[in-house]
Amino acid sequence: SQLAEENSWALSVHEGESVTVNCSYKTSITALQWYRQKSGKGPAQLILIRSNEREKRNGRLRATLDTSSQSSSLSITATRCEDTAVYFCATEMSNYNVLYFGSGTKLTVEP
Amino acid sequence: EAAVTQSPRNKVAVTGGKVTLSCNQTNNHNNMYWYRQDTGHGLRLIHYSYGAGSTEKGDIPDGYKASRPSQENFSLILELATPSQTSVYFCASVPGGENTLYFGAGTRLSVL
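Notes on the structure in this doc start here. Bear in mind the structure is a predicted one, so any value in this text is a computation, not a measurement. (Residues numbered from 1 in each chain as written. Chains lettered and ligands numbered in written order. Predicted model: local features only at pLDDT ≥ 70, side-chain atom pairs only at ≥ 80, totals over all residues. Heavy atoms only, no water.)

A few points about the overall build of chain A
Across its full length, chain A holds 0 helices and 11 strands. Traced from its N-terminal end to its C-terminal end, chain A shows the element sequence β-β-β-β-β-β-β-β-β-β-β. Relative to a compact globule of 111 residues, whose C-alpha radius of gyration would be 13 Å, chain A shows 13 Å and is just as compact. Taking the principal axes of its C-alpha atoms as reference, chain A extends roughly 45 × 25 × 20 Å. With 111 residues in all, chain A has 43% of them scored as buried. In chain A, of all internal contacts separated by at least 6 residues, the share reaching a separation of at least 24 is 54%. Summing over all exposed atoms, chain A offers an accessible surface of approximately 5,300 Å²; the carbon and sulfur share of this is 44%. Across chain A, the mean location of the 12 positive side-chain charges is 4 Å away from that of the 11 negative side-chain charges. (Helix = DSSP H or I, 4+ residues; strand = E, 2+ residues; numbered from the N terminus. Rg over C-alpha atoms; globule rule 2.2 N^0.38 Å. Buried < 20%, exposed > 50% of the residue type's maximum accessible area, 1.4 Å probe, protein only. Contact = heavy atoms within 4.5 Å. Areas by Shrake-Rupley, 256 points an atom, 1.4 Å probe, with all protein chains shown as cover. Lys, Arg positive; Asp, Glu negative; His and termini not counted. Charge placed at Lys NZ, Arg CZ, Asp CG, Glu CD.)

Encoded structure:
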């Protein structure tokens, strides 16, 4: 969907390093969600950040939301090989009960 | 954790044939969704449902029908399958009062 888009198609880091995935969106939103999809599986939610929040954490994950620039980031610290996955941002809009996904960023964490 | 079960996991169909993809959830979730995933396009919404008897069109409904005969079951139907419908299809459900999608493991469909 063009309503949300990750800014990188692929990223590669080594274990222990930090990495940030960026997302931009094109319309007013009520919340933004980050999902992770491991190979052969369906996506699973990592973080939901509402439009009145600027930052949300979940363990090694930190999401930010900047509604003025219509952008979000997902940072992962102390990466592990098991963080290797495709990461999606997805936007929620008022009056809609659907999520619009970006095309995803493929993250590879190498030993 | 909410469980969403898709069947079949893999399907090979012939062009012009009818294909039915099934999705079942026993979490009593109201909303259910069908997405397809293609390289470079991410997840695109095909149809969704607010509950038994309801179906709504998503972004790319052409060539697809949906059926929600019960709270638990949501099917995606390709009446006349075409090679362009070769993709991985994901079903998801959402609990009432929140917007977290719980996805099934996907169905890989090849239309030859």
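That was the structure; now back to the text.
Considering the environment of A:Glu5
One can find A:Glu5 in strand 1 (residues 4-6). With 100 residues separating them along the chain, A:Glu5 and A:Thr105 place their C-alpha atoms 9.3 Å apart.

What to know about the side chain of B:Ser93
Residue and element names in this part refer to chain B. Summarising the element assignment, Ser93 is placed in strand 9 (residues 87-94). You can call Ser93 buried: its relative accessible area is 0%. At 2.7 Å, the side chain of Ser93 forms a polar contact with the side chain of His29. Ser93 has contacts with Val4, Gln25, Asn27, His29, Asn31, Met32, Thr100, Leu101 and Tyr102, leaving out every residue within four places of it along the chain. (Polar contact = N/O pair within 3.5 Å; in protein donor to acceptor, adjacent residues only side chain to side chain.)

Focus on the sheet that holds strand 7 (residues 61-66) of chain A
All names here are of chain A. Within the open sheet, the 5 strands sit side by side as 1-3-8-7-6. Their pairing is antiparallel. Each end of this open sheet is capped by a strand with a single partner; those strands are strand 1 and strand 6 (55-58). In this sheet, neighbouring strand axes are inclined to one another by 20° on average, regardless of whether the strands run parallel or antiparallel. Examined bridge by bridge, strand 7 and strand 8 (residues 71-76) share 6 bridges and lie antiparallel to one another. Looking at strand 8, one finds that Leu61 is bridged to Ile76. (Pairing = 2+ DSSP bridges. Axes fitted to C-alpha atoms, helices over the stretch in contact; angles between N-to-C directions.)

Points about the interface of chain B and chain A
Each partner contributes residues to the interface: chain B has 20 residues there, and chain A has 20 residues. Taken over both partners, the interface formed by chain B and chain A buries close to 1,500 Å², and the fraction arising from carbon and sulfur atoms is 52%. The tally of links from chain B across to chain A stands at 0 salt bridges. Put simply, chain B and chain A have 6 residue pairs in polar contact (both at pLDDT 80 or more) between them. Every element with two or more residues in the side of chain B that touches chain A is listed here: strand 4 (31-38) and strand 5 (42-49) of chain B. Along the lines of polarity and charge, the residues of the side of chain B that touches chain A split into 10 nonpolar, 8 polar and 2 charged. (Buried area = accessible area lost by both parts, 1.4 Å probe. Salt bridge = Lys/Arg side-chain N within 4 Å of Asp/Glu carboxyl O. Nonpolar A, V, L, I, M, F, W, Y, C, P; charged D, E, K, R; others polar.)

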